[in-house]
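Each chain, letter by letter, is given below.
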Amino acid sequence: MHILIVEDEKSLASELEHFLTKEHYRCDTAHTGRAASEKIAVNRYDFILLDLGLPDYSGLDLLNEARELEHQPAIIILTARGAVEDRIEGLSRGADDYLPKPFSLLELQVRMQAILRRKFNVKSSVLKLHGIEIDSSARRVSFDSSEIPLTKKEFDLLHYLLLHKNRILTRLQLTEHIWGNILEDDYDSNYVDVHVKNLRKKLAAYVPSDWLETVRGVGYRLSI
């Protein structure tokens, strides 16, 4: 999952980034509203953690910008404990949840997982696919109690395709989700194809993998 942390308190932003990176999320950080606006315009985020009290920009205006995006990132508002009116206004404008400061990082993670379950209409962190179990919390893939050894990127790819099952995902969408900013120096246009090939090979050792379809000239679809 690709996350944008919008927080002008640099120590808190750093703490959030360190924790979420350790939990296998990819994070970008913006300390000003202007920087956040620029990042939102060019990157595809799954989550935005949004401090409303920015020094140069209305956090609520930034929320409106995010809600105009086609892919609709999930948004959690981070506010001072007493800012009830801001929380109410943020939720009314489409934020998914809020956390009053100070908050527990573990609670933040649990709330993010709950939002994902609601968004993709799944009731458990364990997803099943043709006899394969994908545990998103433990980041473990298994078949008949035997673990299938996947790399971090392969796991992220399989999980993302499964959350968007029966939908065609373009190579660009998959690249942005797994690698983040496609302008990074180590980006290569065939990264997704190579990882899909490796993922198919590993899964095929346990079950047929013809449900992981290539949509010629577009991308991939996981059909169930």
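Reading the values: the criteria
Residues numbered from 1 in each chain as written. Predicted model: local features only at pLDDT ≥ 70, side-chain atom pairs only at ≥ 80, totals over all residues. Heavy atoms only, no water. Buried < 20%, exposed > 50% of the residue type's maximum accessible area, 1.4 Å probe, protein only. Helix = DSSP H or I, 4+ residues; strand = E, 2+ residues; numbered from the N terminus. Pairing = 2+ DSSP bridges. Axes fitted to C-alpha atoms, helices over the stretch in contact; angles between N-to-C directions. Core = buried A, V, L, I, M, F, W, Y, C linked by side-chain atoms within 4.5 Å. Contact = heavy atoms within 4.5 Å. Arc of directions from axis to C-beta. Salt bridge = Lys/Arg side-chain N within 4 Å of Asp/Glu carboxyl O. Expected span 1.5 Å × (residues − 1).

(A) The pairing of strand β7 (residues 132–135), seen in detail. Judged by which residues are buried, β7 turns out to be one-sided: Ile132 and Ile134 face inward and are buried, whereas Glu133 and Asp135, on the alternate face, are not. The pairing of strand β6 (residues 126–129) with β7 spans four bridges and is antiparallel. Note that in β7 the partner of Val126 across the bridge is Asp135. Count of turn residues in the β6/β7 antiparallel hairpin: two residues, of which His130 carries a positive phi of about 50 degrees. Sheet topology note: the β7/strand β8 (residues 140–143) ladder contains four bridges and is antiparallel. If you follow Ile134 over to β8, its bridge partner there is Val141. Hairpin connection of β7 to β8: four residues between the antiparallel strands, including Arg139 at a positive phi of 50 degrees.

(B) Broad picture of the sheet that holds strand β12 (residues 219–222). Across the sheet, which stays open at both edges, the three strands sit in the order β10-β12-β11 with antiparallel pairing between neighbours. Both edges of this open sheet fall to β10 (168–170) and β11 (212–215), since each of them pairs with a single strand only. Strand after strand, the sheet turns through a mean of 30 degrees between neighbouring axes, direction not considered. In the sheet, β11 pairs with β12 via four bridges, with the strands oriented antiparallel.

(C) The arrangement of the nonpolar core in detail. Grouped together as the largest cluster of nonpolar side chains are 51 residues, with contacts concentrated most on Ile3, Leu20 and Leu158. Looking at this core element by element, the count peaks at seven residues for helix α6 (residues 152–163). Excluding anything up to four places from it in sequence, Leu20 contacts Ile3, Ile5, Tyr25, Cys27, Leu49 and Met112. Membership of the second largest hydrophobic core comes to 17 residues, among which are Ala30, Leu63, Ile77 and Ala95.

(D) Representation of helix α2 (residues 33–42) in the model. Of all the positions in α2, only Gly33, Ala36, Ser37 and Ile40 are classed as buried. All buried residues of α2 project into a common sector of 100 degrees when viewed along the axis, lining one side. Within α2, the exposed residues directed more than 90 degrees away from the buried face are Arg34, Glu38 and Val42. Where α2 is buried, its residues contact β1 (2–6), β2 (26–30), β3 (47–51) and α3 (59–67).

(E) Broad picture of the pattern of salt bridges. If you walk through the whole model with that rule in mind, you get 13 salt bridges. Residues Arg67 and Asp96 are paired through a salt bridge, measuring 2.9 Å at the closest nitrogen-oxygen approach. Of this pair, Arg67 sits in helix α3 while Asp96 sits in the loop between α4 (84–92) and β5 (97–101); the two residues are 29 residues apart in sequence, bridging distant segments of the chain. Residue class for Arg67 comes out buried when judged on its relative accessible area of 19%. We note a salt bridge from Arg93 to Glu89, for which the minimum N-O separation is 2.7 Å. Since its relative accessible area comes to 30%, Glu89 is described here as partly exposed. Several salt bridges converge on common partners, so that one network encompasses Glu7, Asp51 and Lys101.

(F) Molecular detail of helix α1 (residues 10–22). Spanning 13 residues, α1 covers 18 Å between terminal C-alpha atoms, matching the ideal 18 Å at 1.5 Å per step. Of the positions making up α1, those classed as buried are Leu12, Ala13, Leu16, Phe19 and Leu20. Projection of α1 onto a plane perpendicular to its axis shows the buried side chains occupying an angular sector of 135 degrees, all on one side. Seen from the open side of α1, the exposed residues pointing more than 90 degrees away from its buried face are Lys10, Ser11, His18 and Lys22.

(G) Structural context of the pairing of β8. Bridging between β8 and strand β9 (residues 146–147) involves two bridges; their strand directions are antiparallel. The residue bridging Phe143 from the neighbouring strand is Ser146, located in β9. Hairpin connection, β8 to β9: the antiparallel pair is bridged by two residues, and Asp144 has positive phi, about 55 degrees.

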